[in-house]
Amino acid sequence: MPDEPSIPRRSPITIRVKQNGPYLIELADVPHVRIVDTAGRELTPEPGRSIALCRCGGSATKPFCDKSHRQIGFCDPTPAREPGWVGGAGGTEPARDGA
C-alpha cells in the first residue's frame, strides 16, 4: 500500500441502520472509512457528505444508496440481529467461519 497521510483514528466508527433505508456513516467518520470493490479498487464517496450504503439492492450506484428504496417500497425484513447470526428471514442459523 502506498504511503498515505496519517489521519488520527476515532473509535469506534458507527454505521447506523436507517429504518427501511440505507446504512449510514456520519460525515465525521468518513475520513476513516475505506470502501473497496471486489477488484480491489477504492470507491470514492461524494465529498463533504456522509456515506449512505445501499441495503435494498435496488441502487444503480451500488454500493452507495441512490434512494431507490423509496421507489421500490423497501421495508426492513426483520429487526437487526446480534453479531454471529446469519441466514434467511428467521436469522436462526449460527455464523460459520468464512461466512
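Look up: the structure comes first, before these words.
What counts, and at which threshold
- Residues numbered from 1 in each chain as written.
- Predicted model: local features only at pLDDT ≥ 70, side-chain atom pairs only at ≥ 80, totals over all residues.
- Heavy atoms only, no water.
- 1 Å grid on protein atoms, 1.4 Å probe; cavity = no way out; pocket = protein on both sides within 12 Å on 5 of 7 lines; lining within 4 Å.
- Points joined across faces, edges and corners; volume = space filled by probe spheres on them.
- Nonpolar A, V, L, I, M, F, W, Y, C, P; charged D, E, K, R; others polar.
- Phe/Tyr/Trp six-rings, centres within 6.5 Å; stacked < 30°, edge-to-face > 60°.
- Lys NZ or Arg CZ within 6 Å of the ring centre and 35° of its normal.
- Helix = DSSP H or I, 4+ residues; strand = E, 2+ residues; numbered from the N terminus.
- Contact = heavy atoms within 4.5 Å.
- Polar contact = N/O pair within 3.5 Å; in protein donor to acceptor, adjacent residues only side chain to side chain.

What follows concerns the layout of surface pockets. When its volume is computed, the largest pocket comes out at roughly 480 Å³. Surrounding the largest pocket, 18 residues form its lining, Arg49, Ser50, Ala52, Cys65 and Lys67 being those nearest its centre. Classifying every residue of the lining of the largest pocket gives 7 nonpolar, 5 polar and 6 charged.

Before going further, it helps to examine the packing of aromatic side chains. On inspection of all chains with the given rule, the structure shows 0 aromatic pairs. Over the face of the ring belonging to Tyr23 we find Arg55, whose NZ or CZ atom lies 5.6 Å from the ring centre.

With that out of the way, let us pick up the environment of Lys62. Relative to the helices and strands, Lys62 is located in the loop between strand E5 (51-53) and helix H1 (68-72). Distance in space between the C-alpha atoms of Lys62 and Asp37 is 10.0 Å, their sequence separation being 25 residues. The residues touching Lys62, leaving out its near neighbours within four places in the chain, are Cys54 and Gly57. For Lys62, the side chain forms a polar contact with the main-chain oxygen of Gly57, separated by 3.1 Å. Within polar-contact distance, the side chain of Lys62 engages the backbone oxygen of Ser59 at 3.1 Å.

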